[in-house]
Amino acid sequence: MEIKYEFVTGEVLEIEVEDSMGEVLLEFDRQEKNNERRETRRHMSLDGMDFEGETFRAEADTMREAMGRVDTERLMEALDTLSLSQKELLLKVYFKGMRVADIARVEGVSEAAVRKRLKKIYGKLKKVLS
């Protein structure tokens, strides 16, 4: 039995082998083709990801998102340096939208005291973030 091999360079080589060995080699070739076909069905072509003319997000968006993650991580680390009461004050001002006057009234202190605490928090965050 003759087995024909074609190399990447285009060279073709024919080899004479025993029939039993030739059948084994042909079976290996068949299995290889089946495996390759099975594997390629599981993968999605990048062409299939094209949606409305844009395959992937713009590079600028990706860079901005990555920098935003770094900034967020740094901010979280800086916030970890604050005491619990300082974190609670920031929560009231920035996330609950409470006014300084309302915070002062609830806590029974002057507005100046609340502003002074906020100024101290800002200074601490600025020092950690710079």
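Residues numbered from 1 in each chain as written. Predicted model: local features only at pLDDT ≥ 70, side-chain atom pairs only at ≥ 80, totals over all residues. Heavy atoms only, no water.

Concerning the overall build of the protein chain
When helices and strands are counted, the protein chain shows five helices and two strands. Ordered by position in the sequence, the α and β elements of the protein chain form the string β-β-α-α-α-α-α. Classification of the 130 residues of the protein chain by burial places 12% in the buried group. In the protein chain, 34% of the contacts between residues at least 6 apart in sequence involve partners at least 24 apart. A total of about 11,200 Å² of accessible surface is found on the protein chain, and carbon and sulfur atoms cover 56% of it. (Helix = DSSP H or I, 4+ residues; strand = E, 2+ residues; numbered from the N terminus. Buried < 20%, exposed > 50% of the residue type's maximum accessible area, 1.4 Å probe, protein only. Contact = heavy atoms within 4.5 Å. Areas by Shrake-Rupley, 256 points an atom, 1.4 Å probe, with all protein chains shown as cover.)

What about helix 5 (residues 111-129)?
Between its first and last C-alpha atoms helix 5 spans 27 Å; for 19 residues at 1.5 Å apiece the expected length is 27 Å, and the two agree. Regarding helix 5, the residues found buried are Val 114, Leu 118, Ile 121 and Leu 125. The buried residues of helix 5 occupy one face: seen down the axis, they fall within an arc of 60 degrees. Exposed residues on helix 5 whose side chains face more than 90 degrees from its buried face are Ala 112, Lys 116, Lys 119, Lys 120, Lys 126 and Lys 127. (Expected span 1.5 Å × (residues − 1). Arc of directions from axis to C-beta.)

Looking at a nonpolar patch on the surface
The grouping of Tyr 5, Phe 7, Leu 13 and Ile 15 at the surface amounts to a nonpolar patch, some 320 Å² of accessible area in total. With respect to the secondary-structure elements, Ile 15 resides in strand 2 (residues 12-16). (Patch = residues over 30% accessible without salt bridge, like charges linked within 9 Å, V, L, I, M, F, W, Y side chains within 5 Å. Salt bridge = Lys/Arg side-chain N within 4 Å of Asp/Glu carboxyl O.)

Some points on helix 4 (residues 100-107)
Those residues of helix 4 that sit buried are Val 100, Ile 103 and Ala 104. Mapping the buried residues of helix 4 onto a view down its axis gives an arc of 100 degrees, with all of them on the same face. Residues of helix 4 that are exposed and point over 90 degrees away from its buried face: Arg 105 and Val 106. Each element contacted by the buried residues of helix 4 is listed here: helix 3 (84-95) and helix 5. Of the residues one or two after helix 4, Gly 108 is the one with positive phi, at around 75 degrees.

Quick word on the side chain of Gln 86
Within the fold, Gln 86 resides in helix 3. Separated by 2.9 Å, the side chain of Gln 86 and the backbone nitrogen of Ser 83 make a polar contact. In contact with Gln 86, other than residues within four places in its own chain, are Ile 121 and Lys 124. (Polar contact = N/O pair within 3.5 Å; in protein donor to acceptor, adjacent residues only side chain to side chain.)

Coordinates in, geometry out; function isn't part of it.
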